[in-house]
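Chain by chain, the residues run as shown.
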Amino acid sequence: MTYKREMEKAIKSYLAPFGYKYNVKDDEFIKKINDDLTQTICYADATHNRKQYHLLTVIATVSSNLLNEILYQASDGMMNFRSVCASPAYLNTVNGKEAIHAEFIGERTMEENIAAFDRVYKEDVLQVFDKFKTTKDVLLSPLREELFNPYNRPYVRYYVPLAYYFNGEFDKAYEYIQERLDIEYKMIERFGPHESAKQTINTYEAIRKNLKQWIAERRQFKVDDEYLPHF
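First, a word on scope: everything that follows refers to the structure included in this document. (Residues numbered from 1 in each chain as written. Predicted model: local features only at pLDDT ≥ 70, side-chain atom pairs only at ≥ 80, totals over all residues. Heavy atoms only, no water.)

## Let's talk about the packing of helix 7 (residues 170–191) against helix 8 (residues 195–217)
So, point 1. Viewed as axis vectors pointing N to C, helix 7 and helix 8 meet at an angle of 160 degrees, and their least axial separation amounts to 10 Å. Between helix 7 and helix 8, the crossing angle belongs to the class labelled roughly antiparallel. Crossing handedness for the pair helix 7 and helix 8: left-handed. Across the interface between the two elements, Phe-170, Ala-173, Tyr-174, Tyr-176, Ile-177, Gln-178, Arg-180, Leu-181, Glu-184, Tyr-185 and Ile-188 of helix 7 pack against Ala-197, Thr-200, Ile-201, Tyr-204, Glu-205, Ile-207, Arg-208, Leu-211, Lys-212 and Ile-215 of helix 8.
So, point 2. Class assignment for the residues of the contact of helix 7 with helix 8 results in 14 nonpolar, two polar and five charged. (Axes fitted to C-alpha atoms, helices over the stretch in contact; angles between N-to-C directions. Helix = DSSP H or I, 4+ residues; strand = E, 2+ residues; numbered from the N terminus. Parallel < 35°, antiparallel > 145°, perpendicular 65-115°, else oblique. Left-handed = near helix turned anticlockwise from the far one by under 90°. Contact = heavy atoms within 4.5 Å. Nonpolar A, V, L, I, M, F, W, Y, C, P; charged D, E, K, R; others polar.)

## What to know about the nonpolar core
So, point 1. With 65 residues, the main nonpolar core has Leu-15, Ile-41, Phe-104 and Phe-166 as its most contacted residues.
So, point 2. Here the element with the most residues in this core is helix 3 (residues 110–131); it accounts for eight residues.
So, point 3. Beyond its immediate chain neighbours, meaning those up to four positions away, Phe-104 contacts Tyr-3, Met-7, Ile-11, Gln-52, Tyr-53, His-54, Leu-56, Met-110, Asn-113, Ile-114 and Phe-117. (Core = buried A, V, L, I, M, F, W, Y, C linked by side-chain atoms within 4.5 Å. Buried < 20%, exposed > 50% of the residue type's maximum accessible area, 1.4 Å probe, protein only.)

## Remarks on a nonpolar patch on the surface
So, point 1. On the surface, Ile-183, Met-187 and Phe-191 cluster together to form a nonpolar patch covering roughly 280 Å² of accessible area.
So, point 2. Looking at the element boundaries, Phe-191 is found in helix 7. (Patch = residues over 30% accessible without salt bridge, like charges linked within 9 Å, V, L, I, M, F, W, Y side chains within 5 Å. Areas by Shrake-Rupley, 256 points an atom, 1.4 Å probe, with all protein chains shown as cover. Salt bridge = Lys/Arg side-chain N within 4 Å of Asp/Glu carboxyl O.)

## As for the pattern of salt bridges
So, point 1. Scanning all chains against the criterion turns up nine salt bridges.
So, point 2. Between Asp-118 and Lys-122 there is a salt bridge, and its shortest N-O distance comes to 3.2 Å. One end of the pair is Asp-118 and the other is Lys-122, both in helix 3 and four residues apart, which spans about a single turn.
So, point 3. Asp-137 is paired through a salt bridge with Arg-144; the nearest N and O atoms lie 3.6 Å apart.

## Quick notes on the side chain of Arg-180
So, point 1. Mapped onto the secondary structure, Arg-180 falls in helix 7.
So, point 2. The charged side chain of Arg-180 is buried without a salt bridge, its nearest counter-charge being Glu-184 at 4.9 Å. (Lys, Arg positive; Asp, Glu negative; His and termini not counted.)

## Brief notes about helix 8
So, point 1. Its 23 residues place the ends of helix 8 33 Å apart at the C-alpha level, agreeing with the 33 Å of an ideal helix rising 1.5 Å per residue.
So, point 2. Every buried residue of helix 8 is listed here: Ala-197, Thr-200, Ile-201, Thr-203, Tyr-204, Ala-206, Ile-207, Asn-210, Leu-211, Trp-214 and Ile-215.
So, point 3. Looking at the buried side of helix 8, the elements it contacts are helix 2 (65–74), helix 6 (159–166), helix 7 and strand 7 (221–223).
So, point 4. Of the residues flanking the end of helix 8, it is Arg-218, one or two places downstream, whose phi is positive at about 55 degrees. (Expected span 1.5 Å × (residues − 1).)

## Thoughts on the packing of aromatic side chains
So, point 1. For the structure shown, the criterion picks out 17 aromatic pairs.
So, point 2. An angle of 80 degrees between the planes, with centres 6.2 Å apart, marks the rings of Phe-166 and Phe-221 as edge-to-face. Linking Phe-166 in helix 6 with Phe-221 in strand 7, this pair joins segments that are 55 residues apart in sequence. Phe-221 carries the same exposure label as Phe-166, and that label is buried. (Phe/Tyr/Trp six-rings, centres within 6.5 Å; stacked < 30°, edge-to-face > 60°.)

## Here we look at the packing of helix 6 against helix 7
So, point 1. Look at helix 6 against helix 7: their axes get within 7 Å of each other, and the N-to-C directions meet at 170 degrees. Regarding the angle of helix 6 to helix 7, the classification is roughly antiparallel. The interaxial crossing formed by helix 6 with helix 7 has left-handed handedness. For the pair formed by helix 6 and helix 7, the contact residues are Val-160, Pro-161, Tyr-164 and Tyr-165 on the first element and Phe-170, Lys-172, Ala-173, Tyr-176 and Ile-177 on the second.
So, point 2. Residue classes in the contact of helix 6 with helix 7 are distributed as eight nonpolar, no polar and one charged.

This is how it looks when you write it as C-alpha cells:
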C-alpha cells in the first residue's frame, strides 16, 4: 500500500465515527445535518516533490437543497446543482489564516499525523460548520462573509443576487447582476464572443427576469422558521 493510500484510509477511519461518508464520485466526505443541509469536507493534495509528504488544503462546505432548488428555478434550469454539494457557504480560511492546512509526514507515525489532523478538524473545520448552522446562514453567506468565495469560483457568484433577494435588498440584487453582465460584455468586446460568456449572460438575465417576477408577486420561501424575503 502506498503512503498516500495509507493516509486516505486513515482519514476515512477518523471521519467515519463523526458521521461522514466518503463520496467516491466527487472525492469528498459528506454528512447530512437535516433534511436540507449537508456538510462536506474535501481537500487538495500537494507533495512539493517530497517523498511520503502530503500537504492538504482542507475546504469545509455547507450546502442547502432548498437554495440549489431556488437557484435552479431562478436560472430557468441553467444552473442545476440539485444533486451535488454546491454552495456559497464554503471556506478554507479561519481566524485570518490563509488556508486550513493539514500535514501528513512519513517521519511521523500515522497516529501522530491523525492527531494533527484531529486538531485541524476540531479547531478549524468545526469553526466553519459553526458559521453555517441554519439554512438562512447558508442563503445569506455571500453578504456576511468577508472572505466570501475565496477560490473565485464563477458558479458561486450566481448565489449573490439570491442572497440580496432573501435579505430584501432588491436594488442591490439588480445592481450586482448588471455589474456581472457589464464584465461579460467587456470581455466579449476584448476577446470576441464565446460560449462561456453567452451562458453567463443568459444565466444572469434569467435570474434578473425571475427575481423581478418574484418581487412583483411578493413571493416568499420558507427558510427555517420564517418566510423570506420580508416585504
